[in-house]
Amino acid sequence: MIKKSILGFSMLALLAAETNASTLLQGHVYVNKPVANTVVTIRDANNKTLKVTTDHQGFYQQDVSQLSAPLVLFADNNLLNRAVQKGVCAGNCIVAMVSSLQQDQVNTANINPLTDYFVSEVAKQISLVGPEQLIEQSVISPISDDILTKAEEQLHTLFDQSLRQAGIADRLFDPVSTNDPALNRLLDLIIFNRGYHSVSGEVGATVLLDMRFKPISQQSVFDYDRAVKQKEENIKAKKRIFIVGDSTASNYDLNVYPRMGWGQVFDQLLDKQANIVVINSAQSGRSSRSFEAEGWFDLIKPLMQKGDYLFIAFGHNDEKCDASNVKRGQADVSHLCTYPNDANNHKQYPADKVSMSFQTSLERYINFAKQKQMTPVLMTPVTRFRDANNKIAYQNQSTLPVSHMHYTGNKPGFAYFGDYANTIKYTANANQVALIDLETLSIEFANLHKHDWQSYWLVIDPNNPNYPYYKTQSTGVIDHPDTTHFQEKGALAIAKIIANAINNDPWLQQGITFDQSQIN
């Protein structure tokens, strides 16, 4: 292994057609398609910067004879459709690194989701939350061989299987330097975005997902053949159900099993003959505002067709409006918070910040769905296993039941207060769209299970050898139950509640067919 080379291997150099004294850097910027007319910024170890613009095929070439490796490259053409972010790239850059240059030759440096993931892995090892924090540094220090090797190994763990499936046989594969056209076919099957660092509010690590928005990880390595099938099914399905929402619905990696969101298991209840595909794009920690602002909604828009369904399930993180919270209050208010309607159902929001109205935020999804001739379905948020005093229900000999808690009172730190569930109900009525009152239905369910609720919500025995992840966790375990999120049994129970609500709705039951043996 050649040291101090990106991914632990030497950069593949293309000899120029005619020998000259220039050291050239060239490559393609590609995110599901060639990124044309975007500015590529090249910055070296001494903070010297050059900029070049890609052509219509996403190709760039730049003389870098005066630059000194290592180099960091980033392209920004609002690639991730993010809004309301700070920094050089405002959350929209895609990044690559070049650790060494072949002098007086042509060096290839592509920029794509896999190069970005590699930089993200490097950033985490040097205590940065993501690639964009590395960009923010004025000086790019040399990266140790050990760090490069670890990031390389992680990349190969996730993608070696898919590389073989895609026909890329090179054992020394490097997404920065490869010129194999098969790489683009693989990249076309990956959903790419940035994470979110909840404490600071900064743009976080690189997120890579398959065509059903399931995480690509060491436990769930990318399967090229499966992704090809997923993409085909997404397109050819008779109908698609899109789920936008938060952690109560989202997909989870296998390493945190049995934790699951209800959206993760919803497709298990559908009649397989109906040819309906569920695309669960719900994301942990997102509110109705941040899900859209971080570009998640833009990722599913191209998949939507006339006749599809859009399940809109927000509320848990929209409530995070306490500016007095010392740890993360300012970040929450800046990125997550939306305000409910007042007691008279009037919208509430700061001057010139209408996007912070919960109703307005929900209506963005409703209006888009209607424009696409889809069926939007609003849901009130699923209940937490909490009583009216915001304590775990039925504990310490208490008989107080699980109660409605999705509201904020008039207390310090909150600019406005009101009822989130009622705002959702009002919004559904005002816009004449379907409503599933999941909060009420799940409260009824919770109170029926006061003796065995820990089998549904996330309460894991940390000493259970089947679930080693929970051995080191401070929440979601017996001593510190997670009363918001579910384990598999709870996720299925909530999904069945939703399915039965659809079966009982004359408007919705006509388009969504369930396998009754799965929900009875």
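Conventions used here
Residues numbered from 1 in each chain as written. Predicted model: local features only at pLDDT ≥ 70, side-chain atom pairs only at ≥ 80, totals over all residues. Heavy atoms only, no water. Helix = DSSP H or I, 4+ residues; strand = E, 2+ residues; numbered from the N terminus. Rg over C-alpha atoms; globule rule 2.2 N^0.38 Å. Buried < 20%, exposed > 50% of the residue type's maximum accessible area, 1.4 Å probe, protein only. Contact = heavy atoms within 4.5 Å. Lys, Arg positive; Asp, Glu negative; His and termini not counted. Charge placed at Lys NZ, Arg CZ, Asp CG, Glu CD. Pairing = 2+ DSSP bridges. Axes fitted to C-alpha atoms, helices over the stretch in contact; angles between N-to-C directions. Arc of directions from axis to C-beta. Polar contact = N/O pair within 3.5 Å; in protein donor to acceptor, adjacent residues only side chain to side chain. Parallel < 35°, antiparallel > 145°, perpendicular 65-115°, else oblique. Left-handed = near helix turned anticlockwise from the far one by under 90°. Nonpolar A, V, L, I, M, F, W, Y, C, P; charged D, E, K, R; others polar. Core = buried A, V, L, I, M, F, W, Y, C linked by side-chain atoms within 4.5 Å. pLDDT = per-residue confidence, 0-100.

1. Things to note about the overall build of the chain
Turning to step 1, where the next piece is worked out: Helix and strand counts for the chain stand at 14 helices and 20 strands.
Turning to step 2, where the next piece is worked out: Computed over its C-alpha atoms, the radius of gyration of the chain comes to 25 Å, within 12% of the 24 Å expected for a compact globule of 520 residues.
Turning to step 3, where the next piece is worked out: With the principal axes as the frame, the chain shows a C-alpha extent of 80 × 55 × 50 Å.
Turning to step 4, where the next piece is worked out: Taking all 520 residues of the chain together, the buried fraction comes to 55%.
Turning to step 5, where the next piece is worked out: A separation threshold of at least 6 residues defines the contact pool for the chain, and within that pool the share at least 24 residues apart is 67%.
Turning to step 6, where the next piece is worked out: Taking the 46 positively charged and 52 negatively charged side chains of the chain as two groups, their mean positions are separated by 3 Å.

2. Some remarks on the sheet that holds strand S6 (residues 71-76)
Turning to step 1, where the next piece is worked out: The strand order across the open sheet formed by four strands is S4-S3-S6-S7, and the pairing between neighbours is antiparallel. What marks the edges here is a single partner per strand, and that holds for strand S4 (49-53) and strand S7 (94-98). Shown here is a sheet whose adjacent strand axes are inclined to one another by a mean of 20°, direction ignored.
Turning to step 2, where the next piece is worked out: Pairing between S6 and S7: five bridges, direction antiparallel. Residue pairing across strands places Phe74 opposite Val95, the latter belonging to S7.

3. Observations concerning the sheet that holds strand S19 (residues 457-458)
Turning to step 1, where the next piece is worked out: Read from one edge to the other, the open sheet built from three strands follows the order S12-S20-S19, with strand pairing classed as antiparallel. Of all strands in the sheet, those with a lone pairing partner are strand S12 (259-260) and S19, marking the two edges.
Turning to step 2, where the next piece is worked out: Judged from the two bridges that link them, S12 and strand S20 (residues 482-487) form a sheet pairing that is antiparallel. Residue pairing for S20: Arg259 is matched across the bridge by Gln487.
Turning to step 3, where the next piece is worked out: Those strands touched by helix H13 (residues 488-503) are S12 and S20, and its axis lies near 85° from that of S20.

4. Comments concerning the environment of Thr178
Turning to step 1, where the next piece is worked out: With respect to the helices, strands and loops of the structure, Thr178 is situated in the loop between helix H3 (145-166) and helix H4 (182-187).
Turning to step 2, where the next piece is worked out: The buried category is assigned to Thr178, whose relative accessible area is 14%.
Turning to step 3, where the next piece is worked out: Along the chain, Thr178 and His346 lie 168 residues apart, while their C-alpha atoms are 56 Å from each other.
Turning to step 4, where the next piece is worked out: For Thr178, the contacting residues outside a window of four places in its chain are Asn110, Phe173 and Leu183.

5. Remarks on the side chain of Asn234
Turning to step 1, where the next piece is worked out: The topology assignment puts Asn234 in helix H5 (residues 224-236).
Turning to step 2, where the next piece is worked out: Beyond its immediate stretch of four places on either side in the chain, Asn234 contacts Met211, Arg212, Arg240, Val277, Ile279 and Gln305.

6. What to know about the pairing of strand S11 (residues 239-245)
Turning to step 1, where the next piece is worked out: The buried fraction of S11 amounts to six of the seven residues, a majority that puts the element mostly inside the structure.
Turning to step 2, where the next piece is worked out: Of the strand pairs in this sheet, S11 and strand S13 (residues 276-280) are connected by five bridges, and their pairing is parallel. Counted as the bridge partner of Ile241 is Val278 from S13.
Turning to step 3, where the next piece is worked out: Pairing of S11 with strand S14 (residues 309-313), which is carried by five bridges, proceeds in the parallel orientation. From the neighbouring strand, Gly245 faces S14, where its bridge partner is Ala313.

7. Brief notes about helix H11 (residues 420-430)
Every α-helix carries 3.6 residues per turn, so stepping three or four residues along brings you back to the same face.
Turning to step 1, where the next piece is worked out: Along H11, the positions that sit buried rather than exposed are Tyr420, Ala421, Thr423, Ile424, Thr427 and Ala428. Along the long axis of H11, the arc covered by the buried residues comes to 160°, so they all point the same way.
Turning to step 2, where the next piece is worked out: Of the surrounding elements, those touching the buried residues of H11 are helix H10 (358-371), strand S15 (375-379), strand S16 (407-408), strand S17 (418-419), strand S18 (434-436) and helix H12 (438-448).
Turning to step 3, where the next piece is worked out: One side-chain oxygen of the residue at the start of H11 lies 3.0 Å from the amide nitrogen of Ala421, identifying that residue as Asp419.
Turning to step 4, where the next piece is worked out: Within two residues after H11, Gln432 carries a phi angle of roughly 55°, on the positive side.

8. Description of the packing of H12 against H13
Turning to step 1, where the next piece is worked out: Contact pair H12 / H13: the axes reach a minimum separation of 10 Å and the direction vectors enclose 125°. On the basis of their axis angle, the class for H12 and H13 is oblique. As H12 packs across H13, the resulting crossing turns out to be right-handed. Where H12 abuts H13, its residues Leu438, Leu441, Ser442 and Phe445 lie against Ala493, Ile494, Ile497, Ile498 and Ala501.
Turning to step 2, where the next piece is worked out: Here the residues of the contact of H12 with H13 sort into eight nonpolar, one polar and no charged.

9. Describing the nonpolar core
Turning to step 1, where the next piece is worked out: Counting residues in each nonpolar core, the largest one holds 47 residues, and the members touching the most others are Ile241, Trp262, Phe266 and Phe311.
Turning to step 2, where the next piece is worked out: For this core, the secondary structure elements donating two or more residues are S11, helix H6 (262-265), S13, S14, S15, S18, H12 and H13.
Turning to step 3, where the next piece is worked out: For this core, the leading source of residues is H13, giving nine residues.
Turning to step 4, where the next piece is worked out: Discounting residues that sit within four places of it in the chain, Trp262 has contacts with Ile243, Thr248, Ala249, Phe311, Ala313, Met379, Leu438, Ala491, Ile494, Ala495 and Ile498.
Turning to step 5, where the next piece is worked out: Core analysis: the next-biggest nonpolar cluster, separate from the first, contains 43 residues, Ile42, Leu73, Ile168 and Tyr224 among them.

10. Let's talk about the confidence of the model for the chain
Turning to step 1, where the next piece is worked out: Across the chain, the average pLDDT comes to 92, with 93% of residues at or above 70.
Turning to step 2, where the next piece is worked out: For residues 1-19, every residue scores under 50 in pLDDT, and the model assigns this stretch 51 contacts once sequence neighbours within four places are set aside.

11. Section: the pairing of strand S10 (residues 203-209)
Turning to step 1, where the next piece is worked out: Across the seven residues of S10, five count as buried, placing the element largely inside the fold.
Turning to step 2, where the next piece is worked out: As judged from the five bridges shared by strand S9 (residues 191-196) and S10, these two strands associate in the antiparallel manner. Among the inter-strand pairings, Arg194 is bridged to a residue of S10, identified as Thr206.
Turning to step 3, where the next piece is worked out: Hairpin connection of S9 to S10: six residues between the antiparallel strands, including Gly201 at a positive phi of 80°.

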